[in-house]
Number of protein chains: 2
Amino acid sequence: MALENPGKQDIKELELSSEEMRALIDLAMDRIVEHIASLPVQPVSDVSGGEQLARLMAEGMPEQATPFADLLDLLFHRLVPKSYNTASPGYLAYIPGGGLFHAAVADLIADSVNRYVTVWAAAPALAQLEANVLRWFADMIGYPREAQGVLTTGGSMASFTALVTARRERLPKDFLSGTLYASDQVHHSVIKAALLAGFPEENVRAIPVDGHFRIRPGALRTRIADDRRLGLSPFFIVASAGTTNTGAVDDLEKLADVAREERLWLHVDAAYGGFFMLTERGQKAMRGMERADSVTLDPHKALFLPYGTGSLLVRDGAALRRAHTVNADYMPPMQADPDLVDFCLLSPELSRDFRGLRVWLPFKLHGAGAFRRSLDEKLDLAQWVTGELRQIPGMEIVAAPQLSLVAFRLVRAGLDPDQLNDLNRRLLEKVNARQRVFLTATTLGGRFVLRICVLSFRTHLDRMRMAVSDIRDAVQEL
Amino acid sequence: MALENPGKQDIKELELSSEEMRALIDLAMDRIVEHIASLPVQPVSDVSGGEQLARLMAEGMPEQATPFADLLDLLFHRLVPKSYNTASPGYLAYIPGGGLFHAAVADLIADSVNRYVTVWAAAPALAQLEANVLRWFADMIGYPREAQGVLTTGGSMASFTALVTARRERLPKDFLSGTLYASDQVHHSVIKAALLAGFPEENVRAIPVDGHFRIRPGALRTRIADDRRLGLSPFFIVASAGTTNTGAVDDLEKLADVAREERLWLHVDAAYGGFFMLTERGQKAMRGMERADSVTLDPHKALFLPYGTGSLLVRDGAALRRAHTVNADYMPPMQADPDLVDFCLLSPELSRDFRGLRVWLPFKLHGAGAFRRSLDEKLDLAQWVTGELRQIPGMEIVAAPQLSLVAFRLVRAGLDPDQLNDLNRRLLEKVNARQRVFLTATTLGGRFVLRICVLSFRTHLDRMRMAVSDIRDAVQEL
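For clarity, every value in this text was computed on a predicted model and none was experimentally measured.

*Asks:* Sorry if this is basic, but what is going on with the pairing of strand 8 (residues 294–297) of chain B here?
*Replies:* A regular strand places its side chains on the two faces of the sheet in alternate fashion. All names here are of chain B. In strand 8, alternate side chains face the same way, and those of Ser294 and Thr296 on one face and Val295 and Leu297 on the other are all buried. Here strand 7 (residues 265–270) runs beside strand 8; their pairing, made up of four bridges, is parallel. Of the residues in strand 8, the one forming a bridge with Val268 is Val295. You can see the chain leave strand 7, run along helix 10 (residues 280–285) and come back into strand 8, and the turn it takes is right-handed. Pairing analysis gives four bridges linking strand 8 to strand 9 (residues 310–314), with the strands arranged antiparallel. Across the sheet, residue Thr296 finds its bridge partner in strand 9, namely Leu312.

Here it is as structure tokens:
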């Protein structure tokens, strides 16, 4: 059926002329440049009135067009400022990232050319660019040539993918009696990964830690033996290379010994700590990582990239591929040579963004040394701030930095545990109220504990001095 | 321990001045604008020499810095051109996307401000912006107010998330006897989702289709009954709203009836077809979608966004949340009010990119009508090209468009099935060799069949005329 007048059908509203593209970018860049330049003087957290604003924002699908300048005003003046300012040099909360601008440039390019990199045949050289990035990571941690990896959206998907791979290798049939082991400090994404992969939550064993918040290998061995006696199937150990609570790095050498002797899969959650392997001190703290079967590393943490960039490395790349290979008639041919990577065969994802460019570009523009030096600076700053905190009367260092995170609390004689927790809660509020640094807390054995995690590429000594000064002042006010 | 001279530690190499940021963007934009403007005359696929180039690209982690202009030359002159040109107006292969430039602008902004949107408390208004987008989608398909959804990286993660949700709701304990049902035309991501979620591959039932490649409800009922007799646990039906092979849309009303009567979860894989719900014809073709328990829709397909933007909607939003909620001491407080959305409680992901802006910005800039009109144009073009193909002697329309995809093959008397397949393979090669359009094929009951999927916002009648002309010429040469 030919249309009578098909020519009338051309709809080109969504296509932009070169001038329109440039105009959008110019307007956006004015705001972006102003935003980034003013980061040092922006509040490091301000969500007052955020709920009201969010409720006001609710609206149905727009039929009306809105000018770009108005949308930029809305974003940069109203929506973005009401947030935890994760891009600020004063953001010392959770695990900071920062967000390298280079990655924004990379995504601008990647989105514009919109190539399909998860099937090698569709963009061989771009797939190789992404494979390079993963090879860099594998080399960095000392993995062999047969290792393979994928870039993920973050640590949660990386750990899930590792677990699915281990499940396929170690428990190919009925896996519901499979048990998993991690310290009681492990990130909750590991428990979530277990649930998503179909394990009952009670199959995840929380192994107690030592005084440095590291998993106790003896307790681990005992629990594995107990479970075997119960007829269960121990198969998966998660070590942490930098916990979110205190930055603790489990003893990877000892855990690798346990895993080898017990024939369990060892996964290292190095989402936070992994890229400190670029530094000598990091290599020392995380010795033995190369013996793990798989490792999670988050470029959006210690490589300073924007959120949405995680990674998983698996020592036996073929295992990763076995767990993720399903074929179909309508797909292009896949590659047999493991040097030519079809990422869709290594990951749960098929179509997805071209993440590799986001990592590749800043490394190529600066060389690895810039990252190494910046990470060394974070290690120094964490040591420095710990030394300063120790000099504040009553300040207890609950966990000294194993990498770039220190946990601490104020202790005053005569207060019971609840009162002490309340005191530290008020300390946190007072420090954060100054909006020069933003700290968060956690709970360790019932104790409310403050944390400073130094990980933004924008954080330097001047900001750490502000942190110490604001903490000192708050302590005096309490 | 205070450092002796901590001031020397400031490492600012990765921080860019305003001028440096603008310079990077200006250089990148010169290439991007040139690339996009020349898309109509670029080859629509060229991977010759791609393997050699990929192998040459392999390199270790760079210590040396490389000037940005050189990297742009490498990308735009050497790497990007060796690919399936998924951004081209002539890309009619697989399921095209295109890649709206507006989304690239959105990602530039999102990466630059690098806010954390998956926890409501961390950026309430930005989380709301993303929640709005999902509400638009839910309203579009006729879902009730209690529906919730998430933006994913693509259809694979959306379908996996739906399956995990259904598994939690319907088979909370031992699920290994749970069986899944889909047509033999279903996308392989559904089989992969089953494997990832821990189901044996043999638990996925391939139900035969009718002459329009739609699942046969009678055969489905029979298979469910057979499985129940075997002691298995039928629980999940996947309907397709636009298969990848032929664009077939299952009868959603009838499948919703089966699901209700048999008490099974009905998931609709509308990754390709879903956004045609913006059009009247699409609503008619996909009637009954609102009765499904969950729906996959890919904005990087029929909303023309760059790869990396999928979505899942679940009619009972609380079910989605139940399947994905795990808490931790170090996390900010989560919201009890379902109007204030913590996306990390609805998805396998915790940290990830701010996808909402990528969808929100083009809708706000143009209004929904621009998408509706563009999708109507695709429906018209698919009808038009089908009419033209019918007029080519010997051309058999294997599957007329139910949405914007037509499957066809050349038939010549006296050829056996293998010879016919070979003939059509050569037809495909000849058409693609002209590099004005890029088509792909699939196999249907042993028949090698060509496909044209019209889905790029850049594809208009002129390009469809080229397709027809190139096919006519190739047929004559054979």
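*Asks:* Which parts of the structure should I look at to understand helix 2 (residues 50–57) of chain B?
*Replies:* Residue pairs three or four apart in sequence face the same way in an α-helix, which turns once every 3.6 residues. Three or more residues of helix 2 of chain B are buried, namely Gly50, Leu53, Ala54 and Met57 of chain B. Around the axis of helix 2 of chain B, the buried residues are gathered within 100° of arc, so they sit on the same side. Set apart from the buried face of helix 2 of chain B by more than 90 degrees, the exposed residues are Gln52 and Leu56 of chain B. Of the surrounding secondary structure, the elements contacted by the buried residues of helix 2 of chain B are helix 5 (124–141) of chain A together with helix 3 (68–79) of chain B.

*Asks:* What exactly am I supposed to notice about the side chain of Asn432 of chain A here?
*Replies:* Residues and elements named next belong to chain A. Mapped onto the fold, Asn432 is located in helix 15 (residues 417–433). Exposure remark for Asn432: the relative accessible area of 15% places this residue in the buried category. Each residue touching Asn432, except ones within four places of it in the same chain, is listed here: Val437, Phe438 and Leu439.

*Asks:* Is there a simple way to explain unusual backbone geometry in this structure?
*Replies:* Across residues other than glycine, the phi torsion is negative in most instances, and most of the peptide bonds are trans. Residue and element names in this part refer to chain A. Residue Phe304 is not a glycine yet carries a positive backbone phi of 70°. Mapped onto the elements, Phe304 comes out in the loop between helix 11 (299–302) and strand 9 (310–314). Judged by relative accessible area, Phe304 falls into the buried class, the value being 0%.

*Asks:* Help me understand the sheet that holds strand 10 (residues 395–399) of chain A in this model?
*Replies:* The pairing of strands in a sheet comes from backbone hydrogen bonds and takes either a parallel or an antiparallel form. All names here are of chain A. Read from one edge to the other, the open sheet built from four strands follows the order 10-11-13-12, with strand pairing classed as antiparallel. The strands lining the two open edges of the sheet, one partner per strand, are strand 10 and strand 12 (440–444). Neighbouring strand axes in the sheet, compared pairwise and without regard to direction, differ in orientation by 40° on average. As judged from the four bridges shared by strand 10 and strand 11 (residues 405–410), these two strands associate in the antiparallel manner. Residue pairing for strand 11: Glu396 is matched across the bridge by Arg409. Helix-sheet contacts for helix 14 (residues 368–390) involve strand 10, strand 11 and strand 13 (447–453), and the interaxial angle to strand 11 is about 15°. The sheet contacts of helix 15 involve strand 10, strand 11, strand 12 and strand 13, and relative to strand 13 the element is tilted by about 30°.

*Asks:* Would you mind going over the sheet that holds strand 5 (residues 204–207) of chain A with me for this structure?
*Replies:* Residue and element names in this part refer to chain A. In spatial order, the strands read 3-9-8-7-6-4-5; together these seven strands make up an open sheet with mixed pairing. At either end of the open sheet lies a strand with only one pairing partner, and these are strand 3 (148–152) and strand 5. Taken pair by pair, the neighbouring strands of this sheet meet at an average axis angle of 20°, ignoring direction. Here helix 9 (residues 252–262) sits on the sheet in contact with strand 6 (233–240) and strand 7 (265–270), set at roughly 155° to strand 7.

*Asks:* It is not clear to me how the pairing of strand 3 of chain A should be interpreted in this structure. Could you clarify?
*Replies:* Residue and element names in this part refer to chain A. Of all the five residues making up strand 3, five are buried; the element is thus mostly covered by neighbouring parts of the structure. In strand 3, alternate side chains face the same way, and those of Gln148, Val150 and Thr152 on one face and Gly149 and Leu151 on the other are all buried. With five bridges joining them, strand 3 and strand 9 adopt antiparallel strand pairing. Considered in strand 9, the bridge of Gly149 is made with Leu313.

*Asks:* Would you take a moment to explain the pattern of salt bridges for this structure?
*Replies:* Pairing is possible between side chains that carry opposite charge, provided their charged atoms lie close to one another. The final tally for this structure, using the stated rule, is 78 salt bridges over all chains. One salt bridge in this structure joins Asp257 of chain A and Arg291 of chain A, with 2.7 Å as the shortest N-O distance. Of the two residues, Asp257 of chain A sits in helix 9 while Arg291 of chain A sits in the loop between helix 10 (280–285) and strand 8 (294–297), which places them 34 residues apart along the sequence. On the basis of relative accessibility, which here comes to 24%, the residue Arg291 of chain A falls in the partly exposed class. A salt bridge links Asp107 of chain B to Arg358 of chain B, with the shortest nitrogen-to-oxygen separation between them at 3.0 Å. Within this pair, whereas Asp107 of chain B is found in helix 4 (residues 101–113), its partner Arg358 of chain B is found in helix 13 (residues 356–366), the two being separated by 251 residues in sequence. A cluster of three or more residues bridged by salt bridges with shared partners is formed by Asp107, Glu130, Glu349, Arg352, Asp353, Arg355 and Arg358 of chain A.

Analysis parameters
Residues numbered from 1 in each chain as written. Chains lettered and ligands numbered in written order. Predicted model: local features only at pLDDT ≥ 70, side-chain atom pairs only at ≥ 80, totals over all residues. Heavy atoms only, no water. Buried < 20%, exposed > 50% of the residue type's maximum accessible area, 1.4 Å probe, protein only. Helix = DSSP H or I, 4+ residues; strand = E, 2+ residues; numbered from the N terminus. Pairing = 2+ DSSP bridges. Right-handed = clockwise from strand over helix to strand, strands pointing away. Arc of directions from axis to C-beta. Contact = heavy atoms within 4.5 Å. Axes fitted to C-alpha atoms, helices over the stretch in contact; angles between N-to-C directions. Salt bridge = Lys/Arg side-chain N within 4 Å of Asp/Glu carboxyl O.

In short, the description is geometric, and any link to function would need to be established separately.
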